[in-house]
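# Inside the fold
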Amino acid sequence: NLTFGDNDKATFGASDDLKIYHDGTHSVIEDAGTGNLILQSNGTQVSLQSTTEYYLTAANNGSVTAYHNGSQKLATTSTGIDVTGQATMDGLVVESTSDALIRISDSSSVNQRLDLQHNGNLSRIISGNNGTYGTLKIQGYNGTDTVDRFKIAAAGDVSFYEDTGSTAKMVWDSSAESLGIGTSSPATTLTVTGSGANGIEL
């Protein structure tokens with residue numbers, strides 16, 4: 001055993017490039033040279049850890065993983081990164097040489113998903129995929145509840161909702177090719193309904 005007192009340094013290199021010491025409070029590995037500090041191992045993993053939990057691990061030919069309070073939160077993968085939990089950021093920029101894509105999917109099926117995509121001069125919002133139907137809906141908070149404002153159904157019907165967000169009052173029925181204003185069930189090519197003299201039906 002070699003014993004060093006506080007601030008006694010084990011130094012390496014012609015110009016004391018590497019120093020290892022304890023300053024009375026903290027333990028320090030200091031690289032004071034012009035090169036890099038390299039941690040090299042012939043094992044399968046390099047870890048920063050306490051006796052009870054991991055802080056950071058780097059696996060040979062595998063992932064680099066960051067932990068919070070012993071729980072995995074961020075890991076590199078062969079295609080990018082995997083985040084466990086909520087990602088909070090000041091901004092998000094998605095760039096690609098071909099398709100720039102943001103995908104939100106149901107964990108039970110990759111086909112139950114929402115894609116936000118830009119390719120060249122075309123921007124798309126896609127709900128569902130590969131035989132799984134998707135409905136797009138815009139909702140708003142009215143101070144009490146989250147209510148419907150606008151909906152495009154998987155079959156192509158388009159609905160606009162009245163102020164309470166409970167009933168569609170302007171509907172395009174895609175299969176019947178009919179438009180209803182003031183009603184959710186247009187009976188003719190154009191159906192306009194309302195109270196008193198405001199009601200018109202064609």
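Quick summary incoming for the structure in this document. All of these numbers come straight from a predicted model, not from anything done at the bench.

Below, the discussion takes up unusual backbone geometry. Although it is not a glycine, Asn 7 sits at a positive phi angle of roughly 65 degrees. Tracing the chain through its elements places Asn 7 in the segment before β1 (10-12). Of the residues examined, Asn 7 reaches a relative accessible area of 41% and is grouped as partly exposed. Even without being a glycine, Asn 61 presents a positive backbone phi close to 55 degrees. Summarising the element assignment, Asn 61 is placed in the loop between β5 (54-59) and β6 (64-68).

Moving on to the sheet that holds strand β7 (residues 71-76). In space, the five strands of this open sheet follow the order β4-β5-β6-β7-β8, with antiparallel pairing throughout. The open sheet has two edge strands, β4 (45-49) and β8 (81-83), and neither has a second partner. Ignoring which end each strand starts from, the neighbouring axes of this sheet average 15 degrees apart. Where β4 lies against β5, five bridges are found, and the strand directions are antiparallel.

Summed over all chains, the structure comprises two aromatic pairs. Relative to Tyr 67, the ring of Tyr 54 lies with its centre 5.6 Å away and its plane at 35 degrees, an arrangement referred to as tilted. Note that Tyr 54 is positioned in strand β5 and Tyr 67 in strand β6, a separation of 13 residues in sequence. The class of Tyr 54 is partly exposed, set by a relative accessible area of 34%. Taking the relative accessible area as the measure of exposure, Tyr 67 reaches 22% and is therefore partly exposed. Taken together, a centroid distance of 4.9 Å and an interplanar angle of 50 degrees make the contact between Phe 150 and Phe 160 tilted. Here Phe 150 is found in strand β13 (residues 146-152), whereas its partner Phe 160 is found in strand β14 (residues 158-161), with 10 residues between them in sequence. Classification of Phe 150 as partly exposed rests on a relative accessible area of 22%. Given a relative accessible area of 39%, Phe 160 falls into the partly exposed group.

The next thing to look at is the sheet that holds β1. Spatially, the three strands line up as an open sheet ordered β1-β2-β3, and their pairing is antiparallel. Every interior strand has two partners, whereas the edge strands, β1 and β3 (27-31), have only one. Neighbour-to-neighbour, the strand axes of the sheet open up by a mean angle of 10 degrees, direction not taken into account.

Okay, the pattern of salt bridges next. Within the structure shown, the criterion is met by three salt bridges. Note that Arg 103 and Asp 115 form a salt bridge whose closest N and O atoms lie 2.8 Å from each other. Taken together, the positions of Arg 103 in strand β9 (residues 100-106) and Asp 115 in strand β10 (residues 109-119) put the pair 12 residues apart, joining distant regions of the chain. Judged by its relative accessible area of 5%, Asp 115 is buried. Lys 137 is the partner of Asp 148 in a salt bridge, and the nearest nitrogen-oxygen pair spans 3.5 Å. Separated by 11 residues along the polypeptide, Asp 148 in strand β13 and Lys 137 in strand β12 (residues 136-141) bring together distant segments of the chain. By relative accessible area, Asp 148 is classed as buried at 13%. If you follow the salt bridges from partner to partner, you end up with Arg 103, Arg 113 and Asp 115 in one network.

Here is what the cut-offs are and how they apply
- The numbers attached to residues start from 1 for each chain and follow its sequence in the written order.
- Owing to the predicted nature of the model, reporting of local features is limited to residues with pLDDT of at least 70; listing and counting of side-chain atom pairs is limited to 80 or more, with chain, interface and lining totals taken over all residues.
- Excluded from the side-chain calculations are hydrogens and water; all other atoms, namely the structure's heavy atoms, are used.
- The helix and strand labels rest on DSSP assignments: H or I over at least four residues marks a helix, E over at least two residues marks a strand, and numbering proceeds from the N terminus.
- Throughout this description, buried means an accessible area under 20% of the type-specific maximum (1.4 Å probe, protein chains only), exposed means over 50%, and partly exposed covers the range between.
- What makes two strands pair is DSSP finding at least two bridges between them.
- Between the N-to-C directions of two axes lies an angle of 0 to 180 degrees, each axis being a line fitted to C-alpha atoms and, for a helix, fitted only over the stretch in contact.
- For Phe, Tyr and Trp, where Trp contributes only its six-membered ring, two rings pair if their centres lie within 6.5 Å, and the inter-plane angle classes them as stacked under 30 degrees, edge-to-face over 60, or tilted in between.
- Any Lys or Arg side-chain nitrogen located within 4 Å of an Asp or Glu carboxyl oxygen qualifies as a salt bridge.

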